[in-house]
Amino acid sequence: MEKIRIGLFGFGKTGKIIANEFLRNDSFLLEWVVRKGYESHHKYASRLLGYEFEAGDIYSMTDITDTFFLERKVDAIVDFSSAAGVYEYRTAAELKIPIVSAISKYGEAELKQLREYAKSTAVLYSPNITLGINVLLVAAQVLQKIAPHADIEIVEEHFGEKKEVSGTAKKIAEALNLDAARHVHSIRVGGIVGNHQIVFGMPNQTIRLSHESVSRAAFGQGAIFAVKHIINQPIGMYHMENIIADMFRNHIPVY
Ligand SMILES: NC(=O)c1ccc[n+]([C@@H]2O[C@H](COP(=O)([O-])OP(=O)(O)OC[C@H]3O[C@@H](n4cnc5c(N)ncnc54)[C@H](O)[C@@H]3O)[C@@H](O)[C@H]2O)c1
Ligand SMILES: O=C(O)C1=N[C@H](C(=O)O)CCC1
């Protein structure tokens, strides 16, 4: 069976792990990687990650010409670069190459650009692309409907260096119509990749829904899930939580 060819933007803390998840999955071929600078320019991501084969030719953003995506064909682009990276694949969208953006924090202008691309190709945007967080997001909304009077608080734990409040926690608060400033509580310790807990408090019982990203490889597994979904979809904008919600709908056991 033909491998799914991937073009990856970003080869940083997370991008390297994403590249590794694609490299170790036989369904995929990592064709190239684009990063901001010239570090490891034209080396292979596979070799840098310790593999014996050559895959994932490394380019700099300045290498992207109008013919870049024509000359280096891929079946999907995956973006783990930065918000500004969104401006670099306009011609890919025009060529109808599906796009998975995992940028956690876009400004309005970048989001507008991504929505523009979704008029030409299939775009999946997920600020937290782990399967588990998107299951948590849907399950919490279902539970809130079942127990509308529950008190709800959100606790997010991340590595010590993370300065900003978890965008994921803010998204959960928004989905539950909660004021994030009041209901999101942050803990910064050690090397925690990312833990989110939603506590539903009721008079005689407490329900806790929680998700733990044990390794950043969880983001790679989410990206793989997203690519496999998006490459068979028509033009438009897609979100992981909607895909998961459909799976809930289709798999809720009928007793
Ligand atoms: N959606 C998710 O689940 C998820 C999970 C982790 C990280 N992220 C996002 O992934 C991105 C990268 O995170 P990180 O921890 O690897 O950061 P990082 O700073 O370690 O790496 C950023 C990488 O992107 C490259 N880059 C930056 N701007 C670029 C541009 N304009 N064009 C091409 N390459 C560019 C850099 O060279 C570097 O390789 C961030 O936006 C972060 O929010 C998302
Ligand atoms: O590693 C991080 O930092 C991440 N932050 C995003 C957030 O703030 O929710 C999610 C992905 C990982």
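What counts and how
Residues numbered from 1 in each chain as written. Chains lettered and ligands numbered in written order. Predicted model: local features only at pLDDT ≥ 70, side-chain atom pairs only at ≥ 80, totals over all residues. Heavy atoms only, no water. Domains from an automatic or database assignment. Buried area = accessible area lost by both parts, 1.4 Å probe. Salt bridge = Lys/Arg side-chain N within 4 Å of Asp/Glu carboxyl O. Helix = DSSP H or I, 4+ residues; strand = E, 2+ residues; numbered from the N terminus. Near = heavy atom within 4 Å. Polar contact = N/O pair within 3.5 Å; in protein donor to acceptor, adjacent residues only side chain to side chain. Areas by Shrake-Rupley, 256 points an atom, 1.4 Å probe, with all protein chains shown as cover. UniProt positions renumbered as here; feature names shortened; annotations may be inferred. Expected span 1.5 Å × (residues − 1). Buried < 20%, exposed > 50% of the residue type's maximum accessible area, 1.4 Å probe, protein only. Contact = heavy atoms within 4.5 Å. Pairing = 2+ DSSP bridges. Core = buried A, V, L, I, M, F, W, Y, C linked by side-chain atoms within 4.5 Å.

### Looking at the domain arrangement of the chain
Point 1. Domain boundaries assigned for the chain yield domain 1 (4–125 + 217–249) and domain 2 (131–213).
Point 2. If you average the C-alpha positions of domain 1 and of domain 2, the two centres end up 28 Å apart.
Point 3. Both sides of the domain 1 and domain 2 interface together cover about 860 Å² of buried area, and 76% of this is carbon and sulfur.
Point 4. Interface area lost by domain 1 to domain 2 is led by Glu 241, Ile 244 and Phe 248, which between them contribute 52%.
Point 5. There are 1 salt bridge connecting domain 1 and domain 2.
Point 6. Residue Glu 241 is joined to Lys 171 by a salt bridge in which the shortest nitrogen-to-oxygen separation is 3.0 Å.
Point 7. Sorting the residues of the side of domain 1 that touches domain 2 by element identifies α9 (217–230) and α10 (240–251) as the ones contributing at least two each.
Point 8. Take the side of domain 1 that touches domain 2: its biggest share by element is 5 residues, from α10.

### Considerations on the site of ligand 1
Point 1. The immediate surroundings of ligand 1 are formed by 24 residues, with Thr 14, Ser 82, Glu 88, Ala 102 and Ile 129 found nearest.
Point 2. The separation between an oxygen atom of ligand 1 and a polar main-chain atom of Gly 12 is 3.2 Å.
Point 3. Residue Glu 88 places a side-chain N or O atom 2.8 Å away from a nitrogen atom belonging to ligand 1.
Point 4. Taken by itself ligand 1 offers 850 Å² of open surface, and the protein chains cover 80% of this.

### Quick look at the UniProt feature "domain: Dihydrodipicolinate reductase C-terminal" (unreviewed entry) in the chain
Point 1. According to UniProt, the feature "domain: Dihydrodipicolinate reductase C-terminal" (unreviewed entry) maps to residues 132–243 in the numbering used here.
Point 2. End C-alpha atoms of residues 132–243 are separated by 13 Å, and the span's content is 41% helix alongside 30% strand.

### Description of α10
Point 1. Compared with an ideal rise of 1.5 Å per residue, which puts 12 residues at 16 Å, α10 spans 16 Å between its outermost C-alpha atoms and is within 8% of the ideal.
Point 2. Taken residue by residue, α10 has Met 240, Glu 241, Ile 243, Ile 244 and Ala 245 as its buried positions.
Point 3. In the core, the buried residues of α10 are packed alongside β6 (122–125), α6 (131–146), α7 (167–175), α9 and β11 (236–238).

### Quick look at the pattern of salt bridges
Point 1. Under the definition given, this model contains 11 salt bridges.
Point 2. For Glu 108, the salt bridge goes to Arg 115, with nearest N and O atoms at 4.0 Å.
Point 3. Residue class for Glu 108 comes out exposed when judged on its relative accessible area of 56%.

### Observations concerning the pairing of strand β10 (residues 205–213)
In summary, the side chains of a regular strand alternate between the two faces of the sheet.
Point 1. Taken together, the 9 bridges between strand β9 (residues 194–202) and β10 define a ladder with antiparallel strand orientation. In the strand pairing of β10, Val 199 is matched with Arg 208.
Point 2. Where β9 hands over to β10, the hairpin turn is made up of 2 residues, counted between the paired strands.

### Observations regarding α6
The periodicity of an α-helix, 3.6 residues per turn, causes residues three or four positions apart to be oriented the same way.
Point 1. Given a rise of 1.5 Å per residue, 16 residues ought to cover 22 Å, and the 23 Å separating the end C-alpha atoms of α6 matches this to within 8%.
Point 2. All buried positions along α6 are accounted for by Ile 133, Asn 134, Leu 136, Leu 137, Val 138, Ala 140, Leu 143 and Gln 144.
Point 3. Looking at the buried side of α6, the elements it contacts are β7 (151–158), α7, β9, β10 and α10.

### Describing the nonpolar core
Point 1. Counting residues in hydrophobic clusters, the biggest one holds 33 residues, and the most contacted among them are Ile 6, Phe 22, Val 78, Phe 80, Ile 129 and Val 227.
Point 2. Of all elements in the fold, only β1 (4–9), α1 (15–23), β2 (28–35), β4 (76–79), β6, α9 and α10 reach the threshold of two or more residues within this core.
Point 3. By residue number, the principal contributor to this core is α9, which donates 6 residues.
Point 4. The residues touching Phe 80, leaving out its near neighbours within four places in the chain, are Leu 8, Phe 9, Gly 10, Thr 14, Gly 15, Ile 18, Ala 102, Ile 103, Ile 129, Phe 219 and Ala 223.
Point 5. By size, the runner-up hydrophobic cluster in this structure holds 24 residues, among which are Phe 69, Val 74, Tyr 89 and Ala 118.

### Quick look at the UniProt feature "domain: Dihydrodipicolinate reductase N-terminal" (unreviewed entry) in the chain
Point 1. In the numbering adopted here, UniProt assigns the feature "domain: Dihydrodipicolinate reductase N-terminal" (unreviewed entry) to residues 4–128.
Point 2. Secondary structure over residues 4–128 splits into 26% helix and 23% strand, and the C-alpha atoms at its two ends are 22 Å apart.

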